[in-house]
Every structure is written in structure tokens, then in C-alpha cells.
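The lines below spell out each chain.
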Amino acid sequence: MKITAIILAAGKGKRMKSNIPKVLHKISGKEMLSYVIDSVLKVGINDIIIVCGNSFNEVSNFIRKNYKKNIKIIRQKPLLGTGHAIATVIKTGVDLKSVILILNGDVPLIKPETLRKMINIFTKQNCDGIIAVSKVKNPSGYGRVKTDIDGNIIKIIEEKDANLTEKKIDIINGGLYLFKKKILSENIFKIKKNVIKKEYYLTDIAEIIAKTGGILRPHMMDEAEIKGINDRIQLAEVEAINNKKNLEKLAKNGITIKDFNTVFIEDNVIIGKNTVIEPFTVIKGPTKIGPFCNIGPFTHIRPNTIIGKNCKIGNFVEIKKSNIGDNVHIAHLSYIGDATIGSGTNIGAGTITANYDGKKKNKTFIGKNVYVGSDVVFIAPVKIGDNAVIGAGSVITDDVPKNSLAIARQRQINKNNWVIKRRKRK
Ligand code: UD1
Ligand code: MG
């Protein structure tokens, strides 16, 4: 089946109260819009059109930077609703395939499997369109879906237009549609401007199609998957759903996560089997952590970090953009940034790589089997050779050759009986 996907991303996103376009807000470290595009690409649909509004430049820059694929971007101006967005696309005369998949750019958790399922049903069933719906506990904010006795969709009523009985309908529109191109283009211009919102609702097409004898089938989905994001509360809810999904995936792959409520692991994080993640740990991507490591509690691992096998990264340790070898221990209270640490090295409690000189970030290289005492500061750029030992409390400004001991602190002075002498002086 030849399909064109149209992703609606032009809305003002007013309810987000943000300068950033709504669809570029991040969920687990990845832009909302990318979730939608990636799912579409995963089912093999390469003909993609994104409808943008005022944030045309930001969104097209983002697409150009992150996708090599030829994704078309069409500007909708003025912004007169989802129906108007589709009408704008059709009016440009852009080449469209015989089936149109429409996705809301603010419904990011759609799984590729679901899209595949919907497409399969569409091929087999003799219908004009399929609309993803969900039975939910709290339908407020969503369009309510009305069906006839055969289960065909006959109308979608938006929250603002719904009367009290309609408001009680708990089947909602998921914002994901498949239409025959012919049916869509024949009916899209019949949509009338809504008197309350002064917008053309795409959802009004359901009644128009049904009234002319067209068949629209609902496709029931899980509520979590079609959760839309209109404000920052929903953004947090979707983030929580996605985080749980990430943790479950890791757990199924042999990683122990002690507490699903306080561990946050972004997309694009790879963790080896038999690693244990203790509570209150945040791991951002892209990051790779080897097997048999012990991470946390209270650990913050930031992007571009690679950690080898069998490491211990303990409490109050932050690691950023660093490459950590196998069997490394960084067990307590450390900041490691822009550093390379060789295998078998032990980093004492409170050790810090001072990577920033006020202007730029500098690198710290620590060799293999190095023993770093507690409370050491490495003033980067600096290199420590293999097997070196660094005395506790040292501020290391110069390179340390391999097999050497470096101590960079004042010697201790003991003044015997100083306390007694002071007392006598008084
Ligand atoms: C929409 C649906 C609602 C459904 C819900 C699912 C309509 C009229 N209502 O409501 O039935 O339950 O999604 O999440 O479609 N957009 C444009 N151009 C515009 C307006 C919006 O491209 O002129 C884009 C937005 O960027 C957004 C998507 O369309 O990605 C949906 O718009 P939004 O305003 O969020 O609609 P909802 O109120 O969520
Ligand atoms: Mg929405």
C-alpha cells in the first residue's frame, strides 16, 4: 500500500506557555516530533509531510539537522485548525499517495507496531478510513467519538462543542487517522468553520464522510499510547509513561532497576546485562554502560558517556562526556567530565576533574590501574600515566608519569602541646 504520512505540527501550542515550539519539547531527552517521525519511518513510510506554523524555521532546521531523509515541510498560514492544516497540504498540489496517514505531532508515543496493525486492517477491511480511538477514564480535553450500532464512527465531537451527555462518552479520538486520499480530498473542503473556536476541525470530516455513506472504522488502542500533549502537565505524564517503558525494556534485558519511581533513563541509553541500577539515578543519552556494573544510588550520568564492564559508580557521582574503562571504581562524591579513565583505576571519594577554565572545556586523561586518593582535583588539561598513585587532597596541575607517586599539597605540621601553651599564654 502506498502511503503518505502527514504530521500536524503547526499549532501554536499556547497551553505550553513556551518559546520553544510544542513539538520540539523533549521527552526522555528526545524531541516530541522525533518520536512521531521515527515511528512512521520504522514502518517503512518514507513519504512524509510535516505541517508547520509560526515555528517553520525552527522546525525545518531541526528536521534538516536530524534527518537525512527527504521530509517535506509545508507552512500553514494562518493557523485555522487541523482541518485547515490538511486542506493547506492538499491545496499545494503536492504529490500524495493513495492512502494518507495523519498523525498529530503532539501524540508522541505511537508505536510502529500499532501503525502497522492499522495499515493491515485498512488493507483487509473495505472501509474509507480508520481512526485510532481509546476508552479512557477521563476523556476531558479529547474529541468524543460517536459510533452507530455496527460500530462505525459517525461523528467526533470536540470538548468545547459537547453537551453534557456527549461529554460522558468515554471513547476518545486519538488523533491518528488513515484515509483513502480520494475520500479525504473530496471531503476536506466541506468542513465548515467551527463557530466557537473559529477553526476548521479535521474531526468534522467523520460526520461528513459517514453521512455520505462512507465507512469509518475505529481502531481501539491503549490510552498510554495515544496520550496527547497540550500542556506541561501532560508533558510530565507522557515523560513518566515513556520512562517506565524504557525501564521495563531494560529490566526485560537483564538489568536490575531497584526502584521504577526514582530511576530516570532516557532513550538512547544502552546498558549491559547484570548491571544493577540503585534508586535515585538519572542516566541521559546517548550513553553506553557495560555489564556487571553497579550504578547509584544518587548517580547522574550525562550524555556521551561510555562505561566499561564491572564498574562501580556510586552515590553523588556525576559523569559527563567521558570514557571509563573496565573495572573502574568511582564510588563516592565525584565529578568526572571530559575525561578518559583507563581500566582498573580507582578514583577516591570527592575527586573532581576541573574541566572548565572559564572559556573552554579541557580534557583529563587518567591511565590504567591508577590509584587516586580521596579529594583530588585534576586541573585539566592533564595526563596521568598508568599505575600512578595520587596522594589524597592533591591539586594536580601537571602531568604525572607512569608508575609515579604525585603529592600536591602542603606537608602537615604538628605543633606539639600547642593547646597547652596557648592556655598558659592567656
Ligand atoms: C485534537 C483533536 C481531538 C483529539 C486530540 C488528540 C481536532 C479538532 N481535535 O485536539 O479530537 O482527541 O487532538 O490528541 O483535531 N495543528 C496544526 N494546525 C492547526 C492546529 C493544530 O497543525 O491549525 C496541529 C497541532 O500542532 C497538533 C495537532 O494539530 O500537533 C492537534 O492540535 P491540537 O490543538 O493539539 O488539538 P487538540 O485540542 O489536542
Ligand atoms: Mg493536542
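See the structure above.
On a predicted model such as this, the values are computed, not experimentally measured, just so you know. (Residues numbered from 1 in each chain as written. Chains lettered and ligands numbered in written order. Predicted model: local features only at pLDDT ≥ 70, side-chain atom pairs only at ≥ 80, totals over all residues. Heavy atoms only, no water.)

> Run through the overall build of the protein chain, naming residues and quoting values.
A count of helical and extended segments in the protein chain gives nine helices and 33 strands. A compact globule built from 426 residues should have a C-alpha radius of gyration of about 22 Å, whereas the protein chain, at 29 Å, is more than 25% larger. Among the 426 residues that make up the protein chain, the fraction classed as buried is 50%. Once local pairs closer than 6 in sequence are excluded, the contacts in the protein chain between residues at least 24 apart make up 45%. Working note: accessible area of the protein chain is about 21800 Å², and carbon and sulfur atoms make up 52% of it. Separation between the mean location of the 71 positive side-chain charges and that of the 38 negative ones in the protein chain comes to 7 Å. (Helix = DSSP H or I, 4+ residues; strand = E, 2+ residues; numbered from the N terminus. Rg over C-alpha atoms; globule rule 2.2 N^0.38 Å. Buried < 20%, exposed > 50% of the residue type's maximum accessible area, 1.4 Å probe, protein only. Contact = heavy atoms within 4.5 Å. Areas by Shrake-Rupley, 256 points an atom, 1.4 Å probe, with all protein chains shown as cover. Lys, Arg positive; Asp, Glu negative; His and termini not counted. Charge placed at Lys NZ, Arg CZ, Asp CG, Glu CD.)

> Describe in detail the nonpolar core, supporting the description with residues and values.
Counting 40 residues, the largest nonpolar core has Ile37, Ile50 and Leu101 as the members making the most contacts within it. For this core, the elements supplying multiple residues, two or more each, are strand E1 (3–9), helix H1 (32–42), strand E4 (48–52), helix H2 (56–66), strand E6 (99–104), helix H4 (112–124), strand E7 (129–135) and strand E10 (171–180). In terms of residue count, the dominant contributor to this core is H1 (five residues). Residues contacting Ile37, with those up to four places away along its chain left out, are Ile7, Ile48, Ile50, Ile63, Tyr67 and Ile71. Ranked by size, the runner-up nonpolar core spans 38 residues in total, among them Ile255, Ile277, Ile341 and Ile390. (Core = buried A, V, L, I, M, F, W, Y, C linked by side-chain atoms within 4.5 Å.)

> Report on the coordination of the magnesium ion (ligand 2), specifying residues and quantitative values.
Summarising the metal site, the magnesium ion (ligand 2) is bound by the protein donors Asp106 (OD) and Asn230 (OD1), whose distances to it range over 2.1 to 2.3 Å. One end of the pair, Asp106, is in the loop between E6 and H4; the other, Asn230, is in the loop between strand E11 (216–220) and helix H8 (232–252), with 124 residues separating them in the sequence. Grouping residues by exposure puts Asp106 and Asn230 together as buried. (Donors = N, O, S within 2.8 Å, 3.2 Å for Na, K, Ca; no water.)

> I'd like a description of the layout of surface pockets, backed by residues and values.
Vacant regions in the atomic arrangement are exposed by a probe of water-molecule size rolled over the atoms. Here the largest pocket defines a volume of roughly 1200 Å³. Around the largest pocket, the lining comprises 41 residues; the ones closest to its centre are Arg15, Thr82, Lys197, Glu199 and Asn230. Broken down by element, the lining of the largest pocket gets its largest block of residues, four residues, from E10. Its residues placed into classes, the lining of the largest pocket shows 14 nonpolar, 17 polar and 10 charged. Its volume calculated, the second largest pocket comes out at about 890 Å³. Counting residues per element, the ones that place at least two in the lining of the second largest pocket are strand E3 (30–31), H1, H4, H8 and strand E14 (269–271). With seven residues, H8 is the single largest residue contributor to the lining of the second largest pocket. Split by residue class, the lining of the second largest pocket holds 12 nonpolar, eight polar and 13 charged. Looking at which domains feed residues into the lining of the second largest pocket, each of domain 1 (3–226) and domain 2 (232–406) gives three or more. (1 Å grid on protein atoms, 1.4 Å probe; cavity = no way out; pocket = protein on both sides within 12 Å on 5 of 7 lines; lining within 4 Å. Points joined across faces, edges and corners; volume = space filled by probe spheres on them. Nonpolar A, V, L, I, M, F, W, Y, C, P; charged D, E, K, R; others polar. Domains from an automatic or database assignment.)

> Explain the packing of H1 against H4 residue by residue, including any values.
In contact at an axis separation of 8 Å, H1 and H4 are set at 50 degrees when each is read in the N-to-C sense. Overall, the two elements H1 and H4 adopt an arrangement that is oblique. Handedness of the H1/H4 crossing: right-handed. Together, Ser39, Val40 and Lys42 of H1 and Pro112, Leu115 and Arg116 of H4 make up the contact between the two elements. Looking at side-chain class alone, the contact of H1 with H4 contains three nonpolar, one polar and two charged residues. (Axes fitted to C-alpha atoms, helices over the stretch in contact; angles between N-to-C directions. Parallel < 35°, antiparallel > 145°, perpendicular 65-115°, else oblique. Left-handed = near helix turned anticlockwise from the far one by under 90°.)

> Quick one: what's the story with the pattern of salt bridges, residue by residue and with numbers?
As enumerated under the stated definition, the model contains 16 salt bridges in all. We note a salt bridge from Arg144 to Glu159, for which the minimum N-O separation is 3.0 Å. Linking Arg144 in strand E8 (residues 144–147) with Glu159 in the loop between strand E9 (153–157) and helix H5 (164–167), this pair joins segments that are 15 residues apart in sequence. The class of Arg144 is buried, set by a relative accessible area of 2%. Residue class for Glu159 comes out partly exposed when judged on its relative accessible area of 22%. (Salt bridge = Lys/Arg side-chain N within 4 Å of Asp/Glu carboxyl O.)

> Before we move on, can you summarise a nonpolar patch on the surface with the specific residues and values?
There is a patch of nonpolar side chains on the surface, built from Phe280, Phe298, Phe316 and Leu333 and spanning about 410 Å² of accessible area. By the secondary structure assignment, Phe280 is in the loop between strand E15 (276–277) and strand E16 (281–283). (Patch = residues over 30% accessible without salt bridge, like charges linked within 9 Å, V, L, I, M, F, W, Y side chains within 5 Å.)

> Explain the site of ligand 1 residue by residue, including any values.
In the vicinity of ligand 1 lie 24 residues, with Leu8, Gln76, Gly81, Glu158 and Asn173 positioned nearest. The backbone of Leu8 places a nitrogen or oxygen atom 2.8 Å from an oxygen atom of ligand 1. Between ligand 1 and Ala10, the relevant distance is 2.9 Å, taken from an oxygen atom to a main-chain nitrogen or oxygen of the residue. In isolation ligand 1 exposes 750 Å². Once the protein is present, 92% of that is buried. The cavity where ligand 1 resides is the largest pocket. Of all the elements in the fold, those that place two or more residues in the shell around ligand 1 are E1, helix H3 (82–91) and E10. Across the shell around ligand 1, the residue classes tally to nine nonpolar, 11 polar and four charged. (Near = heavy atom within 4 Å. Polar contact = N/O pair within 3.5 Å; in protein donor to acceptor, adjacent residues only side chain to side chain. Sits in = over half its atoms within 2 Å of the grid points.)

Bear in mind that shape data such as this cannot, by itself, settle questions of function.
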